[in-house]
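Structural overview for review
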Amino acid sequence: MYSDEFTVKENLSLSPLLEVLADVFHRYSKHDPSLEQPLRSILPINDQQNALLNLPCIDTQRGYMCVKTITSFPGILPAIDGVVSLFNSNNGRLLLIADAKEITARRTAAVSFLATKLLASNKLKNENAVLTILGCGVQGRVHLDVFTELFKWNKIYLWSRNMTHAINLQSDYSSKLNNIELLENLNDNRILQSDVICTCTASKEALLSLHQVKKGVHINAVGSFRATMRELADDLMLSSDTTVIVDSKESAMKEAGEIIQSKAEIVAELGELIENNEFCDGISKDKITIFKSVGMAIEDLAAAIVLYEYLQECREK
Ligand SMILES: NC(=O)C1=CN([C@@H]2O[C@H](COP(=O)(O)OP(=O)(O)OC[C@H]3O[C@@H](n4cnc5c(N)ncnc54)[C@H](OP(=O)(O)O)[C@@H]3O)[C@@H](O)[C@H]2O)C=CC1
Ligand SMILES: O=C([O-])C1=[NH+]CCC1
C-alpha cells in the first residue's frame, strides 16, 4: 500500500496520533525493551549542508517496525523528501510506504503540541493565550495547522526571514482566522506577549534571546538538528529561570546545536513527563520551559501505525 502526501494529510488524525505518540515516548524514556530505536544516521553530502538521514525502530509490543529514509536539502523546497516504510515485526512483511514530507511535518507539530500540553497546560486554560510562530516554511505552516486545530488562540503572531512567506501564510488562513498578525522583525515587543513560541527555522544563528521573551513562556524549538544550527541564544538556554526538556537525551546531545553549543543542562526527556503530574504541576508558572526536539524514528512509527490501521479499517468497511 502506498500513501502519497494527500492521502497522509487526509487520513492521519491528530487525536489518535497524540495518543500513540504519548505511549511510544513514555516507553522510550522508560527503556522498554520492546521498543528499540538506535541513534539515527545523518550522512552529510559534499558541502555538509545537505544530508541523507535514516531513522529505524522496532516496536515488538505493537508488532511493527519502521524505517524512514529522507533527504534534507535546506536550499531546495521542499527541504525534506523521502518515504516511511512500515513492516510487520512478527513476519517481516512490508505493510505501508508513505510520503515522508507530510508524516514528518504532522508528527513533528503534534509532538510540539504534546510538549505544550505537558509543560504549559496552564497556558492552554487561558482564553487570552498568544501563540507566536517563527519561520513560515513547511514546519511553520503545519505548526499553525495543528496548534489551531487543537486550541483556540486569542492572538497569533507570525514571522519569517522572508516576510512574503509570512504574508502568504496569513493570507491562506484569512478565511478561517482573523486573529493572525505579522511581526516585521524579531525586536517587535509583541513577542514579549507570547505564551507559546514555536521556532521552525533552519537558522544557524540564535533568533531569540532571554530579553525577547516573557517569564513563563513555553518554547518549542524545532529547527536545529546539527551541532552548527541553533535558534535560541545561550542566555535563554542557560538562565536559572529556564527548564530544558528534549525528545531524546542521546539525540539532543549529538544533534541539537543549542544544547551542544550552550552546554545547557537537560532536565528531562518528554517521555519522562508522561503520567508524571508531579513533575508537570511542579513547574513554577514563572519558569521558561523549552522543549528542544530534533526528531525521532518512534514519531514516524507512531504516525505510520495510526495511518496504516485507519486505512485498513476503511478497506474492511
Ligand atoms: N525537530 C524535528 O523533528 C524536525 C525538524 N525539522 C527542521 O525544522 C527546520 C524547518 O524545516 P521545514 O519547515 O521543513 O523547512 P523549510 O525549508 O520549509 O523552511 C525553512 C524555514 O527556515 C527559515 N530559515 C532558513 N534559514 C534561516 C535563517 N538563517 N534565519 C532565519 N530563518 C531561516 C526559512 O525562512 P524563509 O523561508 O522566510 O527565508 C523557513 O521559514 C529545518 O531545520 C528542519 O531540518 C524538520 C523536520 C522535523
Ligand atoms: O526527524 C526528522 O525527520 C528530521 N529532523 C530534522 C530534519 C528531519
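Residues numbered from 1 in each chain as written. Chains lettered and ligands numbered in written order. Predicted model: local features only at pLDDT ≥ 70, side-chain atom pairs only at ≥ 80, totals over all residues.

Labelled according to an unreviewed UniProt entry, the chain appears under the name Ketimine reductase mu-crystallin, originating from Rotaria socialis. In UniProt, the chain has this text filed under Subunit (unreviewed entry): "Homodimer. Binds the thyroid hormone triiodothyronine (T3); T3 binding inhibits enzymatic activity." Heading Sequence similarities (unreviewed entry) of the UniProt record for the chain holds this comment: "Belongs to the ornithine cyclodeaminase/mu-crystallin family." (UniProt positions renumbered as here; feature names shortened; annotations may be inferred.)

A word on the site of ligand 2. Taken together, I70, S72, I80, T104, F225, V294 and G295 make up the full set of residues near ligand 2. Taken together, the residues of the shell around ligand 2 sort by class into four nonpolar, three polar and no charged. (Near = placed C-beta within 6 Å. Nonpolar A, V, L, I, M, F, W, Y, C, P; charged D, E, K, R; others polar.)

On to helix α3 (residues 100-119). Given 3.6 residues to a turn, an α-helix orients residues that are three or four positions apart in the same direction. A rise of 1.5 Å per residue sets the reference length of α3, with its 20 residues, at 28 Å; its end C-alpha atoms lie 28 Å apart and thus fit the reference within 8%. Taken across its 20 residues, α3 has 19 buried, putting it largely inside the fold. (Helix = DSSP H or I, 4+ residues; strand = E, 2+ residues; numbered from the N terminus. Expected span 1.5 Å × (residues − 1). Buried ≥ 20, exposed ≤ 12 C-beta atoms within 10 Å, placed from the backbone.)

The domains assigned to the chain are domain 1 (2-104 + 297-316) and domain 2 (107-292). Inter-centroid distance (C-alpha atoms) of domain 1 to domain 2 is 23 Å. With 19 residues of domain 1 at the interface, the matching set in domain 2 holds 19 residues. Elements with a minimum of two residues in the side of domain 1 that touches domain 2: α2 (14-29), α3 and α11 (297-316). With nine residues, α2 is the single largest residue contributor to the side of domain 1 that touches domain 2. Here the residues of the side of domain 1 that touches domain 2 are counted per class, giving 14 nonpolar, three polar and two charged. (Domains from an automatic or database assignment. Contact = placed C-beta atoms within 7 Å.)

Residues in contact with ligand 1 amount to 28 residues; listed here are only the nearest, G137, Q139, S160, N162 and G295. Contributing elements (two or more residues each) for the shell around ligand 1: α3 and α4 (138-150). Split into classes, the residues belonging to the shell around ligand 1 amount to 11 nonpolar, 15 polar and two charged. Lining the shell around ligand 1 are residues from two domains, each supplying at least three of them: domain 1 (2-104 + 297-316) and domain 2 (107-292).

With respect to the element layout, M237 can be found in helix α6 (residues 234-238). Placed 51 residues apart in sequence, M237 and I288 show a C-alpha to C-alpha distance of 9.4 Å. Residues within four places of M237 in sequence aside, it is in contact with L232, T242, V244, E258, S262 and A264.

It is at 9 Å that the axes of α2 and α11 come closest, and there the two elements cross at 140 degrees. Crossing of α2 against α11: the hand is right-handed. Every residue of α11 that contacts α2 at P16, L17, V20, L21, V24 and Y28 is listed here: I298, E299, L301, A302, A303, I305 and V306. Broken down by class, the residue content of the contact of α2 with α11 amounts to 12 nonpolar, no polar and one charged. (Axes fitted to C-alpha atoms, helices over the stretch in contact; angles between N-to-C directions. Left-handed = near helix turned anticlockwise from the far one by under 90°.)

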